[in-house]
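# A look at the structure
Here's the letter readout for the chains.
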Amino acid sequence: MTIRVLIADDQMMVREGFSVLLNAMPDIEVVGEAVNGREAVAKVRELAPDVVLMDIRMPELNGIEATREIVAADGAAKVLVLTTFDLDEYVYQALRAGASGFLLKDASARQLADGVRVVAAGEALLAPSVTRRLITEFSKLSETPRLMPSAQAAYGDLTDRETEVLVLIAQGLSNAEIAERLVVAESTIKTHVSRILVKLGLRDRTQAAVFAYEARLVTPG
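What counts, and at which threshold
- Residues numbered from 1 in each chain as written.
- Predicted model: local features only at pLDDT ≥ 70, side-chain atom pairs only at ≥ 80, totals over all residues.
- Heavy atoms only, no water.
- Salt bridge = Lys/Arg side-chain N within 4 Å of Asp/Glu carboxyl O.
- Helix = DSSP H or I, 4+ residues; strand = E, 2+ residues; numbered from the N terminus.
- Axes fitted to C-alpha atoms, helices over the stretch in contact; angles between N-to-C directions.
- Parallel < 35°, antiparallel > 145°, perpendicular 65-115°, else oblique.
- Left-handed = near helix turned anticlockwise from the far one by under 90°.
- Contact = heavy atoms within 4.5 Å.
- Nonpolar A, V, L, I, M, F, W, Y, C, P; charged D, E, K, R; others polar.

Per an unreviewed UniProt entry, the protein carries the name Putative transcriptional regulatory protein YxjL and comes from Streptomyces afghaniensis 772.

In structure tokens form, the structure reads like this:
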């Protein structure tokens, strides 16, 4: 099945470059482009892409607000944030808004395509070497977490093993790596992850990682 992609970036060179790279992949098709967040939201409704490559700093409506609107619409589109990784203070906010991960703008063609595939498959783009640093740094900058009573109750519903899996997700480990660490089958970890998302009312692994940091299950540092 072909993965349908929308590219939202106010820089023409970025949009055209990513379009060329992605359209060269047999399983990926760029179905549209947007020059700002408002247009991105409209084109998601119109084109129903599987993945949105979302820049953060755009005119009219920034990538954070656009991501929030797209996720709130409860559609199938997953948002993959584009960043130069200059410790952009807004990236963490984008993850909190519901983005499924992030991608560096200087990513190779292979990294770009793999990132799109990972997010389209429902996984979060949580590379330990980069994402852990990102979430750690920006969780320091975020406001003091105040979990709502419903979130506190949901966290209390997690079993000890589910809590352990949640911590490892926040540390950037994949299902396979968690399974190896806990000496269980990968299918067992997938079941745990699914239950964690349902109990916490979260969309994907990225939101689970953010939740773990904000709940101080994982200490930034």
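## Some words on the pattern of salt bridges
Taken as a whole, this structure holds nine salt bridges when the rule is applied. Between Arg15 and Glu33 there is a salt bridge, and its shortest N-O distance comes to 3.2 Å. Highlighted residues: Arg15 in helix H1 (residues 12–23) and Glu33 in strand E2 (residues 28–34), separated in sequence by 18 residues. A cluster of three or more residues bridged by salt bridges with shared partners is formed by Asp27, Arg110, Asp114 and Arg117.

## A word on the packing of helix H8 (residues 160–170) against helix H9 (residues 175–182)
Following both chains from N to C, one finds H8 and H9 inclined at 130°, their axes separated by 10 Å at the closest point. In this view, H8 runs oblique relative to H9, as classed from their interaxial angle. The hand of the H8/H9 crossing is right-handed. Contact residues: Arg161, Glu164, Val165, Leu168 and Ile169 in H8; Ile178, Arg181 and Leu182 in H9. Grouping the amino acids of the contact of H8 with H9 by side-chain chemistry returns five nonpolar, no polar and three charged.

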